[in-house]
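Examination of the molecular architecture
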Amino acid sequence: MPEETAPTDTPTAPTESGSGSSSSALKTLGCGCSALVALVLIVPLVWASWRSTDFPRAAPADMADRAFRHSQEAYDLVGFKRTVKPGVKDIGVSTQNALSSSFCHDGGLTGLEDKTVDGAYQMSHSWALDHVPASEAASGLRRLHKHLKDKGWEITSYREGTKGRGNGKDWDLFAKRDDGDGTERMSFTWFPDREYFLGGATAPCAYDPAWKSGDFGPSGDDQTPPALGPHNES
């Protein structure tokens, strides 16, 4: 009988038929997850960037009036009876009643940029009274604090200092509110050392409908407020 020779064919190792497709699926899934993560991160940044320049269109006179009305309301709540004419003679010492305008800024996608927005401005009104005693300032600021909270303002800072002269512990009240057009702010400080009361209101940023490319300075820097007094008596 002829000798039986061993078969020369060696069995091949079984192939992992599913490994290639699984690897491809994982890679595809990984790319999809990365894209999803990127989308989740980018969309809020784009939204925040768009929101940062989504200002209403309003004439400077209208925004100046808005800031002044907040100041007038606060003036009445504190209970001041004097009439303050427009202007200021000595900043930090004399009475004050003035409007000012500033540029609005865009922080970009990262929020770290600081670019001025063409045609956008922000109006502020500042006022001050001298010779304000503790009996008038302390009670007035407490009324303001309660009133602003009741009206939905966010109190960002409130500090009751001391009433006596010579100790330098000031009274402060800062508040802000977003009514849909943007953020408006109010601030008040009473300096017991000088018996000096300082107040202010800032309207949201807005685009000036009359702004043209090439215009210099922020819109509204030529606005003058009416007299500030009890019920805005002139």
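Before going further, it helps to spend a moment on the nonpolar core. Ranked by size, the top nonpolar core spans 25 residues in total, and within it Phe80, Leu141, Phe188, Trp190 and Phe197 carry the most contacts. Of all the secondary-structure elements, those providing two or more residues to this core are α2 (60-78), β3 (115-129), α3 (134-150), β5 (171-178), β6 (183-191) and β7 (196-202). Per-element accounting of this core gives the leading share, 6 residues, to α3.

The next subject is the confidence of the model for the protein chain. Averaged over every residue, the pLDDT of the protein chain is 81; residues scoring 70 or more account for 71%. Taken element by element, the predicted model of the protein chain shows its lowest mean pLDDT in helix α1 (residues 19-52) (47) and its highest in β7 (98). Scored below 50 in pLDDT, residues 1-19 shows 0 contacts in the model against residues more than four places distant or in partner chains. Low pLDDT, under 50, characterises residues 36-50; the predicted model gives this stretch 6 contacts beyond four residues in sequence or across chains.

This paragraph deals with the pattern of salt bridges. Tallying each qualifying case throughout the model produces 9 salt bridges. Between Arg66 and Glu184 there is a salt bridge, with the nearest N and O atoms lying 3.2 Å from each other. Note that Arg66 is positioned in helix α2 and Glu184 in strand β6, a separation of 118 residues in sequence. Accessibility expressed as a relative area gives 1% for Glu184, which makes it buried. We note a salt bridge from Lys146 to Asp150, for which the minimum N-O separation is 2.8 Å. One end of the pair is Lys146 and the other is Asp150, both in helix α3 and 4 residues apart, which spans about a single turn. Asp150 shares its class with Lys146; the two are exposed.

Even without glycine at this site, His131 takes up a positive phi of about 55°. Positionally, His131 belongs in the loop between β3 and α3. In this model, Glu195 sits at a positive phi of 50°, which is unusual for a non-glycine residue. With respect to the element layout, Glu195 can be found in the loop between β6 and β7. We classify Glu195 as buried; its relative accessible area is 18%.

Any two aromatic rings considered together are summarised by their centre-to-centre distance and by the angle between their planes. Applying the stated criterion across every chain yields a total of 9 aromatic pairs. A ring pair is formed by Tyr75 and Phe80, whose centres lie 5.3 Å apart and whose planes are at 55°; its orientation type is tilted. Each residue in the set Tyr75, Phe80, Trp127, Phe188 and Phe197 is aromatic and connected to the rest through ring pairs, giving one cluster. The ring of Phe191 is capped by Arg194, whose NZ or CZ atom sits 4.5 Å from the centre of that ring.

What counts, and at which threshold
Residues numbered from 1 in each chain as written. Predicted model: local features only at pLDDT ≥ 70, side-chain atom pairs only at ≥ 80, totals over all residues. Heavy atoms only, no water. Core = buried A, V, L, I, M, F, W, Y, C linked by side-chain atoms within 4.5 Å. Buried < 20%, exposed > 50% of the residue type's maximum accessible area, 1.4 Å probe, protein only. Helix = DSSP H or I, 4+ residues; strand = E, 2+ residues; numbered from the N terminus. pLDDT = per-residue confidence, 0-100. Contact = heavy atoms within 4.5 Å. Salt bridge = Lys/Arg side-chain N within 4 Å of Asp/Glu carboxyl O. Phe/Tyr/Trp six-rings, centres within 6.5 Å; stacked < 30°, edge-to-face > 60°. Lys NZ or Arg CZ within 6 Å of the ring centre and 35° of its normal.

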